[in-house]
Amino acid sequence: MTIPTKTSVLIIGSGNAGLSAALSAAESGAPSVLLIDSCPEHWSGGNSYFTAGAFRTVHSGLSEVLPLVNNVSAEMASKIDMQPYTPSDFSNDINRICLGRSDKDLARTLVSDSNEAVKWLAGHGVRFQLSFNRQAYEIDGRFKFWGGMCLKTQDGGAGLVADERAAAEKLGVRILYSTAAKRIILHPENGSVSGVLVQSALSGKEWEIEAGAVIIAAGGFEANPRMRAQYLGPGWDLAFVRGTPYNTGSVLEMAMRDAGAKQAGHWSGCHSVAWDANAPADSGDRGVSNEFTKSGYPLGVMVNVDGERFVDEGVDMRNYTYAVFGRAILAQPGHVAFQVWDGEMLPWLRGEEYREEVVERITAGSIEELAALCAEKGLRNPGRFVETVREYNEAVACFQEENPDRKWDPAVKDGLSTQSRRKKLALAKSNWATPLTKGPFVAVKVTCGVTFTFGGLAVDSETAGVISSATNAPVPGLYCAGEMVGGLFYDNYPGGSGLTSGAVFGRRAGRAAAARSLTLI
């Protein structure tokens, strides 16, 4: 391959945000679009590859999303219950989940563009499906979608990246792997971006690529243990990396150092989940991928190695809690916990996360036996484990006696709790509290898996242009998308909004970069 030295638009990062930017730039008329990534080709796709491919988007109901998906027959459609997800719903979720601190302009753009961005990707060949396995429960013969989100991509993140890459290459986008961005080059007279110094990971050779515009979409610092400990806090260097090992924060630091990019967002915050304790520690497994996630905790309880519960497993719908419970697990002794269920709930666990080919199930005929087996896996106080389950079961029984008409329903916040007039636990389970009384009993050991970091760069909500810390105006020719955008998520995030954000701001960045490159011809 001829080494490129000039392009109209240069994009750094091969995940969903970078590929969305490439698609947008190419279709917007940029004469040439080059995408580079520091990873080798077999690691392409960034963190997007490791996702379940979930997209949170505004929609008016089933009739609007059915034309986008390929896995629903007419017969199946007649059995689906799905409420509309309005702009107000999405905005309220961001405001509630992110503690009211999300940048209002960024959030408004994300919400307003979400529907159009998903349809735009579908128009470029991205295969969407209804997410029956993650966002619906079959109850009384009907599929009840919950939590506002309903769409995923076929074959998850791997399918998303494959579809976007095929579409980009069809539009003439050139992709160069094993090529790391080392320095942003600014025009000495006006401070605009004129190119990037890059280095080949294969030969060590450095060279400059002249560009009319540069879009950075290279992820956060989640794969960098030093930066995690520095910004997220003590112990975060011990968190497991869910995705690519190439998201080290180097492009974030490069943008701040070379272009004076303004920092923004929650630098001590991140998306982290309950993760298989037997998974690789320093990177995701591209074969197992997102199946190391362990998000079945609303169906049971979680206890630490001292046998104590430490979160309200039913405080909210799963896709509003899974991104923060990893932090809670990391804070426990030994940075691990045990998820526990009885035989009644086992059939409701998602197979892709809990089948025995994926995870080590600790199975027993009684809670006492389960505690003894967990002790062999690191449980320090099996006696307290048994007592915790007994107290929980007593609290559930008291609530059910007082509320005999209350029915369990995993598709809504059903109000089945541990808090009654007769008995209240110090730490409630607020919904889906069912007794752990019917064998077999199963436990799974989990740890904290870090997904992406929330600290990033300030960007213009209209163009995704990177804001200068010196002028508080966009750096001419520099744009940003994906995990590198700071100020959108604080403390937590509504599940599925990360990929949507990558598409929304990647699309805007691509359009703006193409327009700028055309003025320089």
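Higher on the page you've got the structure.
Residues numbered from 1 in each chain as written. Predicted model: local features only at pLDDT ≥ 70, side-chain atom pairs only at ≥ 80, totals over all residues. Heavy atoms only, no water.

### Some remarks on the environment of Gly147
Convention followed: Only DSSP runs of H or I reaching four residues or more are called helices, and only runs of E reaching two or more are called strands; each is numbered from the N terminus. Contacts are assigned to residue pairs with any non-hydrogen atoms lying within 4.5 Å of each other.
Position of Gly147 among the secondary structure elements: in the loop between β7 (142-145) and β8 (151-153). Counting along the chain gives 37 residues from Gly147 to Leu110, while the straight-line C-alpha distance between them is 18 Å. Setting aside anything within four residues of it in sequence, one finds Gly147 in contact with Arg56, Met317, Asn319 and Tyr320.

### What to know about the sheet that holds strand β6 (residues 136-139)
Let me state the cut-off plainly: Two strands are said to pair when DSSP picks up at least two bridges between them.
Taking strand neighbours across the sheet as the criterion, the 3 strands line up as β4-β7-β6 in an open arrangement whose pairing is mixed. Each end of this open sheet is capped by a strand with a single partner; those strands are β4 (80-81) and β6.

### A look at the pattern of salt bridges
Put simply, the rule reads: A side-chain nitrogen of Lys or Arg and a carboxyl oxygen of Asp or Glu constitute a salt bridge if their distance falls within 4 Å. Relative accessibility decides the category of a residue: with a 1.4 Å probe and only protein chains considered, values under 20% of the type maximum give buried, values over 50% give exposed, and everything between is partly exposed.
A full pass over the atoms with the stated rule returns 32 salt bridges. Note that Arg127 and Asp163 form a salt bridge whose closest N and O atoms lie 2.9 Å from each other. You can see Arg127 sitting in the loop between α5 (104-123) and β5 (128-130) and its partner Asp163 sitting in helix α7 (residues 156-170), a full 36 residues away along the chain. Here Arg384 and Glu308 are joined by a salt bridge, their closest N and O atoms 2.9 Å apart. Here the residue Arg384 occupies a position in helix α13 (residues 382-402), and Glu308 occupies one in the loop between β16 (301-303) and α10 (322-330), the gap between them amounting to 76 residues. Classification of Glu308 as partly exposed rests on a relative accessible area of 31%. Members of the salt-bridge network, linked through shared partners, are Arg56, Asp93, Arg96, Asp316 and Lys413.

### Considerations on the sheet that holds β8
A sheet is described by the order of its strands in space; here 3 strands give the open sequence β3-β8-β5, paired in antiparallel fashion. The open sheet is flanked by β3 (54-55) and β5, the only strands paired with a single partner. Sheet topology note: the β3/β8 ladder contains 2 bridges and is antiparallel. Paired with Phe55 across the strands is Leu151, a residue of β8.

### Things to note about the packing of helix α4 (residues 87-97) against α5
Under the convention used in this document: Axis definition: a line fitted to C-alpha atoms, limited for helices to the stretch in contact. Angles are taken between N-to-C directions and run from 0 to 180 degrees. Each crossing gets its hand from how the near helix is turned against the far one by less than a right angle, where anticlockwise is left-handed and clockwise is right-handed. Charged means Asp, Glu, Lys or Arg here, nonpolar means Ala, Val, Leu, Ile, Met, Phe, Trp, Tyr, Cys or Pro, and polar covers whatever is left, Gly included.
Across the interface, α4 lies against α5 with an axial gap of 10 Å and an inter-helix angle of 145°. As for how α4 packs across α5, the hand of that crossing is right-handed. Together, Pro87, Phe90, Ser91 and Ile94 of α4 and Ala107, Leu110, Val111 and Ser114 of α5 make up the contact between the two elements. Across the contact of α4 with α5, the residue classes break down as 6 nonpolar, 2 polar and no charged.

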